[in-house]
Amino acid sequence: MNTATQDLPSLESPRRVHPTVRLDYGLRVGGHGFFAAAAISVLQLRPMPVGILVLICSVALLWPHLAYLVASRARDSKAAEQRNLLVDSFLMGVFTLLTGLDLWIGVVAFTAVNAANLSIGGLRLGVMGAGCFAFGVLVAGLSTGFNVLPVPMFAHAMTALAVITYTAAFGLASHFQTRHAIGAKREVHARNLVIEQQKAHLEQAREIAERAREQAEAANLTKSTFLANMSHELRTPLNAVIGYTEMLEEDFADREALSSSLVDLGHIKGAARHLLQMINDVLDLSKIEAGKIELHIESFQLAELLDQVVSTTQPLLAVNRNKLEVHCAPELGSMQSDLTKLRQVLINLVSNAAKFTSDGRISITAAGEADTRGRPILAFEVRDTGIGMTPSQLDRLFQPFVQADAETTRKYGGTGLGLAISRRLCRLLGGDVTATSALAEGSLFRAVVLMKMPVVESTDAD
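Residues numbered from 1 in each chain as written. Predicted model: local features only at pLDDT ≥ 70, side-chain atom pairs only at ≥ 80, totals over all residues. Heavy atoms only, no water.

Comments concerning the overall build of the chain
Okay, step 1: Helix and strand counts for the chain stand at 13 helices and 7 strands.
Okay, step 2: The burial tally for the chain puts 37% of its 462 residues in the buried class.
Okay, step 3: Residue pairs at least 24 apart in sequence account for 76% of intrachain contacts in the chain once pairs closer than 6 positions are excluded.
Okay, step 4: Accessible surface computed for the chain: about 26700 Å², of which carbon and sulfur atoms make up 61%. (Helix = DSSP H or I, 4+ residues; strand = E, 2+ residues; numbered from the N terminus. Buried < 20%, exposed > 50% of the residue type's maximum accessible area, 1.4 Å probe, protein only. Contact = heavy atoms within 4.5 Å. Areas by Shrake-Rupley, 256 points an atom, 1.4 Å probe, with all protein chains shown as cover.)

Now the structure itself:
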């Protein structure tokens, strides 16, 4: 805590001194020097204590440095400089009285200090400066008894020189500041032009990217629509191959001499079923993306759904010697949803668990819950004791055509579409699919759907 507190001042932005502070510093040094000399020449016309002469000279010569120090150290240097100019106005009033209220000297002194007041503080500071000037005349007059002395020629000459010096310095400073401001304005204008050009280029790039995105989406939709329309043409030949293979198997079943042919037919049938499953996955995803999938809402018993899932996945479980456990809350009875789509989701999840688990245990748990809007939902949890996944593998788990990694694809095969299809089907059924996993400890997939979907004749996917 102490370290942070000590470092805090270094984070503050440095104070910016107002430009007039630097300009008036030089003018004060020259002007007060001239005015001190003029005042001394006047005061020499009568006896004057040495202390007063020293005080006048000290104020005239030290005040410019003190004013600059005060303004440069102040947090608001402009406000500090305005106060300094009011002190200048007072001192010029004192000088005017000490030089005998000479009209020439008075006008010059008042004009010089009032110009500075108006330049930094406007009309308000100009009026306040005039008041301070008059107050200086009054204070000096009360101190001297308004004993006005004649002004020597030297005082007039010093005053004229001071005016020339002040006017030249002020004019040159204003000239250079104006040139600097014009140069800065031109630089800002040039930068604005560059920014506008870059903005136009970015807008063109954005329009090009938008058109490319629209074309890509249109092409993807065309592809998905084509595959969805080709669903029958692609599935029918494979179903015919599988059907005729099964017929030949039945014919050759009782012929021992043709046992080798029977094995070959089994290979043909297995390859055809595998190819049919991959085509089904691709076509299902394409139908979802093309918005051509329809939901058929019906009422059914949850126990009936779970029995169908168990019977369908038993052969897959037996391949890797896995055991399947089913846990269903007793109060759950019927539900209203798309039986086919929900069954497909659960079969996909159990099949996925069976593929990545050997000599393990797979469980299905069904429980009723309520979502954030208070609607009744049904949550299915499929847990396995398989190989598990890393966090990076989980991040890309539900992407189409993507599996955990290349090694997984080579070892276990598959299209990488089962989980992507399951998630999209669950979202159509009012829920979602999520997953948690730990490497070498197994995985948990949670599929949530609405308990009672509204009954409609057909619903196109969004």
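Examining the pairing of strand 5 (residues 376-384)
Okay, step 1: The pairing of strand 4 (residues 361-370) with strand 5 spans 9 bridges and is classified as antiparallel. When the sheet's bridge partners are listed, Gly368 is paired in strand 5 with Leu378. (Pairing = 2+ DSSP bridges.)

Points about helix 4 (residues 77-98)
Okay, step 1: A rise of 1.5 Å per residue sets the reference length of helix 4, with its 22 residues, at 32 Å; its end C-alpha atoms lie 31 Å apart and thus fit the reference within 8%.
Okay, step 2: With 16 of 22 residues buried, helix 4 is to be regarded as a mostly interior element. (Expected span 1.5 Å × (residues − 1).)

Points about the sheet that holds strand 6 (residues 432-438)
Okay, step 1: Read from one edge to the other, the open sheet built from 5 strands follows the order 2-4-5-7-6, with strand pairing classed as mixed. Pairing within the sheet leaves two strands with one partner each, and these edge strands are strand 2 (323-328) and strand 6. Adjacent strand axes in the sheet meet at a mean angle of 15°, parallel and antiparallel pairs treated alike.
Okay, step 2: Pairing of strand 6 with strand 7 (residues 442-450), which is carried by 7 bridges, proceeds in the antiparallel orientation. The residue of strand 7 that forms the bridge with Thr434 is Arg446.
Okay, step 3: The strands touched by helix 9 (residues 302-319) are strand 2, strand 4 and strand 5; relative to strand 2, the strand with the most contacts, the crossing angle is about 170°.
Okay, step 4: Along the sheet, helix 13 (residues 418-428) contacts strand 6 and strand 7; its crossing angle with strand 6, the most-contacted strand, is approximately 140°. (Axes fitted to C-alpha atoms, helices over the stretch in contact; angles between N-to-C directions.)

Purely geometric stuff here, so don't read any function into it on its own.
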